Amino acid sequence: MKDVVIIGGGIIGCSIAYELSHYEGSVVLVEKNSDIADEVSMANSAIVHAGYDPEDGTLKAKLNVRGAQLMKQWCAELEEEYQTCGAFVAACGEGEELLLHRLYERALRRNVKVQLLDKEAAIKLEPNLSDQVTMVMNVPDTAVITPWNFALSALETAVVNGCQVYLNSPVTAIQKLSKGYAVQAGKQRIEARYVINAAGLYSDQIDQMATGIKHFTIQARKGEYFVLAKDARNFISRVIYPVPGPKGKGVLAVPTVHGNILIGPNRNDTDREDHATDAEGLAMVRSQITHTMKNVPMQETIRTFSGLRPAGNHGDFYIREEVESAGFINVGCIDSPGIASAPAIGEYVRQLIEKKHPLKRKTHYKKCKPLVRMADLSMTDKQSMIKQDPRYGHIVCRCEKISEGEIIAAIQRPIPAKTIKAIKKRIRPGMGRCQGGFCEPLVTDILSKTMNVDMCDICYDQPETKMFVGHTKEEQL
Ligand SMILES: Cc1cc2nc3c(=O)[nH]c(=O)nc-3n(C[C@H](O)[C@H](O)[C@H](O)COP(=O)(O)OP(=O)(O)OC[C@H]3O[C@@H](n4cnc5c(N)ncnc54)[C@H](O)[C@@H]3O)c2cc1C
């Protein structure tokens with residue numbers, strides 16, 4: 001019997017696995033998809049919110065503030081990118097200024113560093129603020145990360161320290177045993193003392209599967225975005241939020257870790273499988289951004305996408321061990337600020353277990369070497385890499401300057417990248433201006449050769465998304 005099985009390999013499941021991997025005990029993570037962090041943790045604003053926004057007295061407020069402190073430390077441990085870009089919350093007119101003052105007071109109570117600036121001072125720092133903006137709250141500690149890479153690094157490090165991972169393993173049944181639970185995940189039947197439900201949009205279904213009770217319900221709440229090319233990077237230098245309202249944080253402008261700009265998200269309830277963007281939603285995003293920003297370089301748009309918030313019916317994170325189902329821990333309703341709170345959620349869940357079972361911290365903890373990113377290296381380091389392995393000198397993605405060597409290294413990681421999207425997530429071929437038009441066939445070829453599988457068996461992401469239908473001249477027309 002294992003000690004813990006974690007259901008769901010998003011940023012939350014991976015953070016819990018990373019935290020628990022520092023302690024003695026056996027941990028297994030099961031994920032229904034072919035790669036980790038493919039759902040909510042893949043499509044969001046990627047901001048480490050500083051913690052002034054959630055309502056007083058909520059778990060969100062507590063874990064956001066703690067998570068924002070821990071995130072910097074965890075990113076340093078994992079050698080993951082963490083950019084403290086800062087943020088402005090921009091108020092337009094007296095009504096919004098009043099709300100801004102309330103946020104300011106709340107931030108001070110939580111020891112979040114903030115400062116109020118008048119229009120003149122704000123415009124000097126962000127010249128593209130709209131003419132309606134009258135005052136801003138400067139939040140210098142706001143940061144951006146790459147949530148899916150953070151999740152990957154956290155889980156790979158957990159794997160190097162003994163955690164087992166099963167991909168393509170949807171949980172379909174959970175049975176209560178005299179001690180612990182039996183979890184059916186794909187072909188695996190895993191028995192464990194603790195089951196942790198970190199299944200994101202599907203966490204209410206897992207809860208019901210295990211406990212027979214609906215402790216909470218999830219509503220998928222869509223947010224749509226525009227992604228602007230790196231040529232637009234000078235448009236802003238920090239995150240620009242409007243003053244939050246009853247419909248959440250509103251439409252933002254966000255500089256990403258990689259130099260793109262995100263414009264979004266809006267907010268519309270939908271079903272859990274609806275990942276489409278539509279003209280109406282995007283028009284709303286386009287119009288709402290003009291409240292706080294002017295000169296928005298929409299002509300630099302290279303793609304649009306949407307993300308689904310797993311919004312719970314209680315309005316707060318739902319994290320607890322169920323009284324009537326000892327050993328079953330729900331980590332549900334993790335919508336925003338789930339990214340910012342992820343390390344604190346890992347810590348909180350570990351403390352829930354520790355209350356009943358003292359945990360022993362490992363004396364030896366192994367690091368997992370991060371992937372080499374050629375674009376970040378000095379010329380001397382690049383030359384030395386190419387000398388060791390000439391494939392690092394063969395550029396496959398011209399937009400993002402990604403080499404064959406980096407792609408092969410991603411395929412050979414503790415959690416191997418086996419699909420086009422998995423490669424794209426880890427090292428970015430296909431994320432540039434051409435969006436994979438040139439490099440996707442080359443990446444498919446490298447995947448096929450390195451894994452020794454036929455080109456026609458390489459998928460974009462899930463098993464039904466094969467890149468090719470057959471070999472040229474073999475298909476009968
Ligand atoms: C538009 C938008 C913007 C956001 N912006 C921010 C932000 O800027 N800052 C911030 O802090 N937060 C933000 N969030 C919130 C944040 O993205 C989420 O809180 C976080 O990603 C949730 O992570 P998760 O691991 O719980 O969910 P997920 O990433 O969805 O992971 C859950 C995993 O469980 C797996 N799973 C589900 N069912 C099963 C099953 N039966 N068997 C096995 N596996 C299963 C899924 O495949 C998935 O991989 C935003 C969210 C959205 C949608």
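Residues numbered from 1 in each chain as written. Predicted model: local features only at pLDDT ≥ 70, side-chain atom pairs only at ≥ 80, totals over all residues. Heavy atoms only, no water.

For the chain, an unreviewed UniProt entry supplies the name FAD-dependent oxidoreductase and the organism Copranaerobaculum intestinale.

It is worth spelling out the overall build of the chain at this point. For the chain, the count of helices and strands is 12 helices and 22 strands. Relative to the globule expectation of 23 Å for 477 residues, the C-alpha radius of gyration of the chain, 23 Å, shows essentially globular dimensions. If one aligns the C-alpha atoms of the chain with their principal axes, the spans along those axes are about 60 × 60 × 50 Å. Across the 477 residues of the chain, 57% fall into the buried class. In the chain, once contacts between residues fewer than 6 apart in sequence are set aside, the share between residues at least 24 apart is 72%. Counting every atom, the chain has about 21,200 Å² of accessible surface; 51% of that belongs to carbon and sulfur. Within the chain, one finds 59 positive and 57 negative side-chain charges whose respective centroids are separated by 4 Å. (Helix = DSSP H or I, 4+ residues; strand = E, 2+ residues; numbered from the N terminus. Rg over C-alpha atoms; globule rule 2.2 N^0.38 Å. Buried < 20%, exposed > 50% of the residue type's maximum accessible area, 1.4 Å probe, protein only. Contact = heavy atoms within 4.5 Å. Areas by Shrake-Rupley, 256 points an atom, 1.4 Å probe, with all protein chains shown as cover. Lys, Arg positive; Asp, Glu negative; His and termini not counted. Charge placed at Lys NZ, Arg CZ, Asp CG, Glu CD.)

Attention now moves to the pairing of strand S13 (residues 218-228). Burial analysis of S13 places 9 of its 11 residues in the buried class, which makes it a mostly covered element. Direction of pairing for S13 relative to strand S17 (residues 268-270): antiparallel, over a ladder of 3 bridges. Pairing of Lys222 across the sheet is with Asn268, part of S17. With 3 bridges joining them, S13 and strand S16 (residues 261-264) adopt antiparallel strand pairing. (Pairing = 2+ DSSP bridges.)

So, about the nonpolar core. Counting 53 residues, the largest nonpolar core has Ile6, Ile12, Leu155, Ile196, Ile319, Val331 and Ile345 as its most contacted members. When residues in this core are grouped by element, the largest group, 9 residues, is from helix H8 (residues 338-356). Counting residues in hydrophobic clusters, the runner-up holds 30 residues, among them Val114, Val139, Val144 and Val227. (Core = buried A, V, L, I, M, F, W, Y, C linked by side-chain atoms within 4.5 Å.)

Next up on the list: the UniProt feature "domain: FAD dependent oxidoreductase" (unreviewed entry) in the chain. Mapped onto this numbering, the UniProt entry annotates "domain: FAD dependent oxidoreductase" (unreviewed entry) at residues 3-351. Helix makes up 29% of residues 3-351 and strand makes up 29%, while its end C-alpha atoms are separated by 15 Å. (UniProt positions renumbered as here; feature names shortened; annotations may be inferred.)

Here we take up the pattern of salt bridges. Taken as a whole and judged by the stated rule, the model has 32 salt bridges. A salt bridge links Asp274 to Lys222; its shortest N-O distance comes to 3.1 Å. Taken together, the positions of Asp274 in the loop between S17 and helix H7 (279-288) and Lys222 in strand S13 put the pair 52 residues apart, joining distant regions of the chain. Three or more residues are tied together by salt bridges with common partners; here these are Asp35, Asp38, Lys421, Lys425, Arg426 and Asp461. (Salt bridge = Lys/Arg side-chain N within 4 Å of Asp/Glu carboxyl O.)

This paragraph deals with the pairing of S16. Residue alternation in S16 divides its side chains into two sets, Ile261 and Ile263 and Leu262 and Gly264, and both sets are buried. Bridge count between strand S15 (residues 252-255) and S16: 4 bridges; the pairing is antiparallel. In the strand pairing of S16, Val254 is matched with Leu262. In textbook terms, the turn of a hairpin is the stretch between consecutive antiparallel strands, and for S15 and S16 this stretch comprises 5 residues, one of which, Gly259, has a positive phi near 95°.

The subject of this paragraph is the UniProt feature "domain: BFD-like [2Fe-2S]-binding" (unreviewed entry) in the chain. The UniProt record annotates "domain: BFD-like [2Fe-2S]-binding" (unreviewed entry) at residues 395-448. Taken end to end, residues 395-448 is 46% helix and 9% strand, and its first and last C-alpha atoms sit 18 Å apart.

A pair of packed helices is captured by two measures, namely the crossing angle of their axes and the spacing between those axes. Closest axis-to-axis distance for the helix H10 (residues 404-411)/helix H11 (residues 420-427) pair is 10 Å, and the angle between their directions is 110°. Our classification of the angle between H10 and H11 gives roughly perpendicular. Here the hand of the crossing between H10 and H11 comes out right-handed. On the side of H10, the interface is formed by Glu406, Ile407, Ala410 and Ile411, while H11 contributes Ile423, Arg426 and Ile427. For the contact of H10 with H11, a count of residues per class yields 5 nonpolar, no polar and 2 charged. (Axes fitted to C-alpha atoms, helices over the stretch in contact; angles between N-to-C directions. Parallel < 35°, antiparallel > 145°, perpendicular 65-115°, else oblique. Left-handed = near helix turned anticlockwise from the far one by under 90°. Nonpolar A, V, L, I, M, F, W, Y, C, P; charged D, E, K, R; others polar.)

What the 3 strands build is an open sheet, ordered S3-S8-S4; its pairing is antiparallel. If you trace the sheet from one side to the other, it starts and ends with strand S3 (47-48) and strand S4 (82-83), each paired once. Taken together, the 2 bridges between S3 and strand S8 (residues 143-145) define a ladder with antiparallel strand orientation. The partner of Val48 across the bridge, within S8, is Ala143.

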